[in-house]
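Structural overview for review
Next come the chains, spelled out residue by residue.
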Amino acid sequence: VANQTAQRLDPLAQKKKVQIEVTDNDEPVIAFVDVGQLQQVLTNLIVNAIQSITSGGQVRIRMGHRFARPPEGHTGDADHYDFIDIEDNGEGIAEENLNHIFEPFFTTKEVGEGTGLGLSLSYGIIDEHGGWLEASSQVDKGTCFTVYLPREERNECSEKSLFFDTKRACANCWKRMSDWGNSNE
């Protein structure tokens, strides 16, 4: 999915003189996901990365497995997870904004350039898959978004059908938006 998404976004990257590089480890990344939903998340993260680069730069996409500890409030345990890193050498995100980037309607883009829903929706999609999103950034150096997904054994994956409850995902996203709106009153 990452390779296909990167190929589809290559024309946009070329217009900004940005190179997209995809690397993975020797062991395949097998996750129990809805491919369309994962592609939506990756598209959002890659487009954001491309847009953060003023002219000429690189977006690196890495995939693999690593030991990770889910953030506080997440239901998973510290374990081995599949990951996808989307890293750019763009302008970066200011530290004061980093804690707000997954909030609905939060954006650092100019008016008319973004709705502030892309990262919030991406967060909700990955959460519904049992994973989480992390971001690290340095101003004028770049940003790295990491998608963590629960690992699936190869034999388990082949016996399961891929299913994603979009109604539940939308309800959870709207609940988060409502909660966010009420917390700012």
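Residues numbered from 1 in each chain as written. Predicted model: local features only at pLDDT ≥ 70, side-chain atom pairs only at ≥ 80, totals over all residues. Heavy atoms only, no water.

Some remarks on the pattern of salt bridges
The tally for this structure, following the rule as stated, stands at five salt bridges. The partner of Arg 66 in a salt bridge is Asp 85, with the nearest N and O atoms 3.0 Å apart. One end of the pair, Arg 66, is in strand S2 (residues 57–68); the other, Asp 85, is in strand S3 (residues 79–88), and 19 residues separate them in sequence. Arg 66 sits in the partly exposed class, given a relative accessible area of 26%. The salt bridge partner of Arg 151 is Asp 82, with a shortest N-O separation of 3.4 Å. Separated by 69 residues along the polypeptide, Arg 151 in the loop between strand S5 (142–150) and helix H5 (154–159) and Asp 82 in strand S3 bring together distant segments of the chain. (Salt bridge = Lys/Arg side-chain N within 4 Å of Asp/Glu carboxyl O. Helix = DSSP H or I, 4+ residues; strand = E, 2+ residues; numbered from the N terminus. Buried < 20%, exposed > 50% of the residue type's maximum accessible area, 1.4 Å probe, protein only.)

Re the packing of aromatic side chains
Considering all chains together, one arrives at four aromatic pairs under this definition. Residues Phe 102 and Tyr 123 carry aromatic rings whose centres are separated by 5.2 Å and whose planes lie at 40 degrees to one another, so their mutual orientation is tilted. Of this pair, Phe 102 sits in the loop between helix H3 (95–98) and helix H4 (118–128) while Tyr 123 is found in helix H4, placing the two residues 21 residues apart along the sequence. Taking the relative accessible area as the measure of exposure, Phe 102 reaches 19% and is therefore buried. The ring of Phe 83 has Arg 66 sitting right over it, with the charged end atom 3.5 Å from the ring centre. (Phe/Tyr/Trp six-rings, centres within 6.5 Å; stacked < 30°, edge-to-face > 60°. Lys NZ or Arg CZ within 6 Å of the ring centre and 35° of its normal.)

As for the nonpolar core
Counting residues in hydrophobic clusters, the biggest one holds 32 residues, and the most contacted among them are Ile 20, Val 59, Ile 61 and Ile 86. Counting residues per element, the ones that place at least two in this core are helix H1 (2–15), strand S1 (18–24), helix H2 (35–51), S2, S3, H4 and S5. If you tally residues by element for this core, the top one is H2, at eight residues. What Ile 20 contacts, discounting residues up to four positions off in sequence, is Ala 6, Leu 9, Asp 10, Ala 13, Ile 46, Ile 50, Val 59 and Ile 61. Ala 68, Tyr 81, Phe 83 and Trp 132 belong to the second-largest nonpolar core, a separate cluster that totals five residues. (Core = buried A, V, L, I, M, F, W, Y, C linked by side-chain atoms within 4.5 Å. Contact = heavy atoms within 4.5 Å.)

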